[in-house]
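What follows is each chain in one-letter form.
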Amino acid sequence: MSGKLTETHLHAVVVPFPAQGHVNPLMNFAELLAMRGFFITFVPTEWIDQRLVKAASTDLVARDNQAKERVSKFRFLSIPDGLPPDHGRTAQLGDLFLSTKCLGPALESLLTAPDTSVPPITCIVSDSFLSCTAEVAKNLGVPRVVFWTSCTTLAIMQANAHSLLSEGHIPVKEEDLKSNEKLITCLPRKIPPIRPTDIVSFYREKHVSESIYSCFLYESRIHNIADYVLVNTFEELEGGKEAQMGLSVNGCPALAIGPLSLPNFLEGRNSMYSMWEEDKTCLQWLDAQPQGSVLYVSFGSIAVKSEIQLHELALGLEACGYPFLWVLRSDIAEGKPMELPEGFKDRTKDRALIVSWTEQLKVLSHPSLGGFLTHNGWNSTLEAISMGVPMIGWPYFHDQFLDCRFAKDI
Ligand code: UDP
């Protein structure tokens, strides 16, 4: 790397939480920063890094062109998460959160290792759910940019979880979930009133004794150690400019900068950084379907369903009569592959395509798409809104109940 690069570039260290829905927006953001002159050090966990490399290995040509463009501006490092190789990670989120709490020392020693070929670090862009970066930024004497991969309302709710706790809204009681009448209006700024079912699902009474409950409460204290706050959303969606300012810490800038996958996608650059190998037949199959006819069914990277739910869904898709493209991850049936109803494939073969992973933005932007049956993960919700695709929501956990209600009501 040239000496000029070292002297003139700003250097952002970008650290995603180790899950698909966090890697995508942070990598898109990193690409956009690099295009604006930043040098980037991108630091996922080793497990994520290996998955990304493996999934991309089938599409090396496309990725290589982009890689060549950015090679002088990017450095990829990774840190061990301390979990055994066969651990389920996102399937056991409590353990994953506990492991990420301890990533700080490894990250710090990586960043302080002498390397004269890269510019001095300007800032750490930290996933909002990585409390470990607060200490690292402090020790390095650089600003901590807190990046939310959720909508603003969820971010404000999570950053104020301790107020919700002291006001008695957390843990969320079973009877409040059932009636869902309570309107919670104690949160700052112009976000719409929320309901008990909107609160992060890990705060429900039934999770109180689980590590995920205490991990979320712990993280909520650290979100507020921030010099800048960024949210992957856009102002018009929730309460205008004012809403984001509800995340400002001591008046620091708090900005909506999403949807982050759009600029790369619209300019023909890679905008998806998948941990699964993308099925390349989807787009050809979509080309052969009538305009606006296809139902796309996908529940993101973590949500699972019971065998009964999947069986019923299969029969529903068969009965609906429309063409459908169904993403069936190999762990969708509570960790196992799904067994389709007998004869299902044969009966639907003229109007169905079942794959294990897609290039979702390309699918959502295809003229044949008519609708999206989604778990309402924030990325999927934002991508569907960006592409103008109507959604049918079937939330699973975390913020998906809130995203689903907002997509319907607001
Ligand atoms: N995704 C994809 N192909 C698929 C399914 C999902 O590229 O077959 C992408 C999707 O576009 C989104 C991310 O994976 O960017 C999932 O994030 P989201 O927040 O929707 O859900 P999560 O996986 O975090 O539950």
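Our structure's up above, just so we're on the same page.
1. Description of the sheet that holds strand S9 (residues 324-327)
- Taken in spatial order, the five strands line up as S10-S9-S8-S11-S12 in an open sheet, and their pairing is parallel. Edge positions in the sheet fall to strand S10 (352-355) and strand S12 (391-393), since each of these pairs with one other strand and no more. The sheet shows a mean angle of 15 degrees between the axes of neighbouring strands, taken without regard to direction.
- Examined bridge by bridge, strand S11 (residues 369-374) and S12 share three bridges and lie parallel to one another. Following the sheet pairing, Phe372 is matched in S12 by Met391.

2. Considering the pattern of salt bridges
- Within this structure, the stated rule accounts for 14 salt bridges.
- Notably, a salt bridge pairs Glu359 with Lys362, separated by 2.9 Å at the nearest N-O pair.
- Classification of Glu359 by relative accessible area gives buried; the value is 12%.
- Residue classification places Lys362 among the partly exposed positions, given a relative accessible area of 38%.
- Put simply, Asp409 and Lys408 hold a salt bridge, and the shortest N to O gap is 3.1 Å.

3. Some words on the site of the ligand
- In the vicinity of the ligand, 19 residues are found, and the nearest of them are Ser301, Thr358, Asn379, Ser380 and Glu383.
- In this structure, an oxygen atom belonging to the ligand sits 3.0 Å away from a side-chain N or O atom of Asn24.
- A distance of 3.4 Å separates a nitrogen atom of the ligand from a polar atom in the side chain of Trp357.
- In the complex, 96% of the free accessible area of the ligand, which totals 540 Å², lies under the protein chains.
- When contributions to the shell around the ligand are tallied by element, the ones reaching two or more residues are helix H2 (20-35), strand S8 (294-298) and helix H18 (378-387).
- At four residues, the largest contribution of residues to the shell around the ligand is made by H18.
- Residues that form the shell around the ligand fall into these classes: five nonpolar, 13 polar and one charged.

Calculation rules
- Residues numbered from 1 in each chain as written.
- Predicted model: local features only at pLDDT ≥ 70, side-chain atom pairs only at ≥ 80, totals over all residues.
- Heavy atoms only, no water.
- Pairing = 2+ DSSP bridges.
- Helix = DSSP H or I, 4+ residues; strand = E, 2+ residues; numbered from the N terminus.
- Axes fitted to C-alpha atoms, helices over the stretch in contact; angles between N-to-C directions.
- Salt bridge = Lys/Arg side-chain N within 4 Å of Asp/Glu carboxyl O.
- Buried < 20%, exposed > 50% of the residue type's maximum accessible area, 1.4 Å probe, protein only.
- Near = heavy atom within 4 Å.
- Polar contact = N/O pair within 3.5 Å; in protein donor to acceptor, adjacent residues only side chain to side chain.
- Areas by Shrake-Rupley, 256 points an atom, 1.4 Å probe, with all protein chains shown as cover.
- Nonpolar A, V, L, I, M, F, W, Y, C, P; charged D, E, K, R; others polar.

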